[in-house]
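Breakdown of the fold
The lines below spell out each chain.
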Amino acid sequence: MMTQTTSKYEKHYDVIVVGAGHAGCEAALAAARMGCETLVVTINLDTIAKMSCNPAIGGLAKGHLVKEIDALGGEMAKNIDKTGIQFRRLNTKKGPAVRASRAQADKKAYQDEMKRVMEAQEHLDIKQVLVEELLVEDGRCIGILSQTKTAYLAETVILTTGTFLKGLIHIGDISYSAGRAGESAAERLSESFLSLGFEIGRLKTGTPPRVNAHTVDFNVMEIQPGDEEPLPFSFSTERITQSQLPCYLTHTNEKTHELIRENLHRSAMYSGRIVGIGPRYCPSIEDKVVRFAEKRAHQVFVEPEGRDTDEIYLNGISASLPEDVQVAMVHSIRGLEHAEIMRFGYAVEYDFAPATQLKPTLETKRVENLYFAGQLNGTTGYEEAAAQGLMAGINAALKVQGKEPFILDRAQAYIAVLIDDLVSMDIREPYRMFTSRAEYRLELREDNADLRLTELGRQIGLVEDNAYRRFQTKAAQIQSERTRLHRTLLKPTHERLNAADFADILETGELKQPTSLAELLKRPALRYEQVARLVPAPDALPPAVKEQVEIQIKYDGYIQRQQRQIHQFKKLENFRIPEAFDYADVPGLKTEAREKLAKIRPASIGQASRLPGVSPADISILTVMLHQQKK
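Quantities reported herein were computed from a predicted structural model and do not represent experimental measurements.

Across its full length, the protein carries 20 helices and 23 strands. Computed over the C-alpha atoms, the radius of gyration of the protein is 26 Å, within 12% of the 25 Å expected from 2.2 N^0.38 for a compact globule of 631 residues. For the C-alpha atoms alone, the extent of the protein along its principal axes is close to 90 × 75 × 50 Å. For the protein, the proportion of its 631 residues judged to be buried stands at 56%. In the protein, of all internal contacts separated by at least 6 residues, the share reaching a separation of at least 24 is 73%. Within the structure as shown, the protein displays about 27100 Å² of accessible surface, and the carbon and sulfur contribution to it stands at 49%.

Printed below as a string of structure tokens:
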């Protein structure tokens, strides 16, 4: 509620986004591009899209998220394509489901480019404001109140506060309030959450030291170059034209580990001064040394932070040790014996709101028109944050426009796996995306994100005309070439088959009957280019089209089997549960299942079946009850 001492900003917005990190940027751009008058507020305009930890985008499973964000009309992929300094394709020797893209970013250029895009975006205002309170009337969020007691009013509000809610930085036995080093924390907003009845928890993350490149001996390290032909992240980027910078690899050693063990009592984490739970899959170096005591060395990736800076990021030794111990630790590592630390590593604790308090749209169940996205929901990583921000921005805009919400399911996107996990599971540690979390990962590949999602992005108004035309052309080329390969037959007596050009084809097996080019391509040893040479396509095809044709044909049997699994999954997802359904009226449900179902309020039988504590027997009972009510 507003008081008499509160002034009201003159403009009324459709969407207000609090925070301008990776979640906030995607949320604000999505809402504005969908035609909503949007305001994004941040504590510091100079830190929009700041990479406060690793200066990189993508990686295993995370690259999938970035490609999906792009396919739906988001900005992250385009931005890294413009500002990346090294591009690598991971898992290239493995199957297509787990291949992934990763790029080192010029962190300052990444920030500046995202800020430029946002400033140029129609319908989007950007302001430097510290938010202290949510304004709520009759169970609906109507705006925000700034530190200077100005009320900004809106139809919907999206919170993307990152690590800033009561952020507390730890370096050894020193602690101070900050959202990240050098920046103020948001101290009072958590109190506003609690006053509204939200549950708040505490998480922790960290960052490693940065060192001066001039003091690093790269010659004794293993060079990690980028790909010779770098592949873009965005489906709208034709090619990467900028030069690439190398990264390097070194390792910790027994001396490093002994230093850490001797000083564990001085580590903020091991002295008991940190209560927040840290990321299991990206542990601090103290945690690595303790949990993996048998390992004699841990990798340290030595990564440049940009083209115009001497700062080097030491990926792999995140620490909350005192500064003198960090100096000794760094100097114990090969190639870093004389490295000058420019920024010390630290741990940061912050408040988060367990995402079981959210609907699948990321709107809160407790307060209407209020959305949460990003690290506030308990995730870790730029990509997870950006994906949530995009979906929150889309759904806030759709609600303002009086349209149906946009909810993806687990068979459509990694984004859906992420959100479904968050709203269904009682997650108490920072959540990170992995390919193993996706049941249908053969369908949810990086390479086909556009084929899965671009049409949906177009329907909601985020995919612009040129991108959509490129997508239509690509989809038509894929279909045409697949049809051609299936229809083009080679006979055993074909006169050209004895030519030297086709020796590699014959080595994989003789042709005993007329065989289509598609059947040949299914042979494990053959690639598209080898098969297509037999009867070339009438027009030159882009590499992305060739790759897609090869994957779709070569893995056709596996894909069809997964599609049958998806068909069964869809039946459960489409079996909707009324929002006001009373689980207390269902006889035979276990107490634990009844409590979980009442708390989460799943939207479908499919979601209900994934809740911890809900058994197949509970699902059977619930299904029977719902069928009876429909009669």
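Ordered in space as β4-β6-β5, the 3 strands form an open sheet in which the pairing is antiparallel. In this open sheet, the two edge strands, each paired with only one partner strand, are β4 (56–58) and β5 (84–90). Averaged over all neighbouring strand pairs, the angle between strand axes comes to 15°, with direction disregarded. Alignment of β5 against strand β6 (residues 100–105), held across 6 bridges, turns out to be antiparallel. Bridge pairing links Gln86 to Gln104 in β6.

Glancing now at the nonpolar core. Counting 101 residues, the largest nonpolar core has Ile394, Leu408 and Ile415 as its most contacted members. With residues up to four places along the chain from it excluded, the contact list for Leu408 reads Leu72, Met391, Ala413, Ile415, Ala416, Leu453 and Leu456.

On to empty space enclosed by the protein, then. Counted under the stated rule, the structure contains 2 cavities of 30 Å³ or more. The wall of the largest cavity is formed by Phe87, Arg88, Arg89, Ser101, Arg102, Asp227, Leu231 and Phe233. If you list the elements that add at least two residues to the lining of the largest cavity, you get β5 and β6. Top element by residues in the lining of the largest cavity is β5. It accounts for 3 residues. Taken together, the residues of the lining of the largest cavity sort by class into 3 nonpolar, 1 polar and 4 charged. By volume, the second largest cavity amounts to about 40 Å³.

Let us now look at the sheet that holds strand β20 (residues 346–352). In spatial order, the strands read β12-β11-β20-β13; together these 4 strands make up an open sheet with antiparallel pairing. Of all strands in the sheet, those bounded by a partner on one side alone are β12 (174–177) and β13 (201–207). When the angles between neighbouring strand axes are averaged without regard to direction, this sheet yields 25°. Note that strand β11 (residues 168–171) and β12 share 4 bridges and pair antiparallel. Directly across from His170, in β12, lies its bridge partner Ser175.

Moving on, we come to the packing of helix α12 (residues 465–487) against helix α16 (residues 543–554). Where α12 contacts α16, the axes come no closer than 9 Å and their chain directions differ by 50°. Taken together, the axis directions place α12 and α16 in an arrangement best described as oblique. Between α12 and α16 lies a crossing whose hand is right-handed. Here α12 contributes Lys474, Gln477, Ile478, Glu481, Arg482, Leu485 and His486 to the contact with α16, which in turn contributes Ala544, Val545, Gln548, Val549, Gln552 and Ile553.

This paragraph deals with α16. An ideal rise of 1.5 Å per residue puts 16 Å on 12 residues; α16 measures up with 16 Å between its terminal C-alpha atoms. Considering only its buried residues, α16 is in contact with α11 (449–459), α12, α14 (517–521), α15 (528–532) and α17 (556–573).

The next point concerns the pattern of salt bridges. With the rule as written, the count across this model stands at 44 salt bridges. For the salt bridge of Lys108 with Asp112, the shortest nitrogen-to-oxygen distance reads 3.0 Å. One end of the pair is Lys108 and the other is Asp112, both in helix α4 (residues 107–120) and 4 residues apart, which spans about a single turn. For the salt bridge of Asp426 with Arg428, the shortest nitrogen-to-oxygen distance reads 3.0 Å. For Asp426, a relative accessible area of 36% puts it in the partly exposed group. The exposure class assigned to Arg428 is partly exposed, which follows from its relative accessible area of 33%.

The rules behind the values
Residues numbered from 1 in each chain as written. Predicted model: local features only at pLDDT ≥ 70, side-chain atom pairs only at ≥ 80, totals over all residues. Heavy atoms only, no water. Helix = DSSP H or I, 4+ residues; strand = E, 2+ residues; numbered from the N terminus. Rg over C-alpha atoms; globule rule 2.2 N^0.38 Å. Buried < 20%, exposed > 50% of the residue type's maximum accessible area, 1.4 Å probe, protein only. Contact = heavy atoms within 4.5 Å. Areas by Shrake-Rupley, 256 points an atom, 1.4 Å probe, with all protein chains shown as cover. Pairing = 2+ DSSP bridges. Axes fitted to C-alpha atoms, helices over the stretch in contact; angles between N-to-C directions. Core = buried A, V, L, I, M, F, W, Y, C linked by side-chain atoms within 4.5 Å. 1 Å grid on protein atoms, 1.4 Å probe; cavity = no way out; pocket = protein on both sides within 12 Å on 5 of 7 lines; lining within 4 Å. Points joined across faces, edges and corners; volume = space filled by probe spheres on them. Nonpolar A, V, L, I, M, F, W, Y, C, P; charged D, E, K, R; others polar. Parallel < 35°, antiparallel > 145°, perpendicular 65-115°, else oblique. Left-handed = near helix turned anticlockwise from the far one by under 90°. Expected span 1.5 Å × (residues − 1). Salt bridge = Lys/Arg side-chain N within 4 Å of Asp/Glu carboxyl O.

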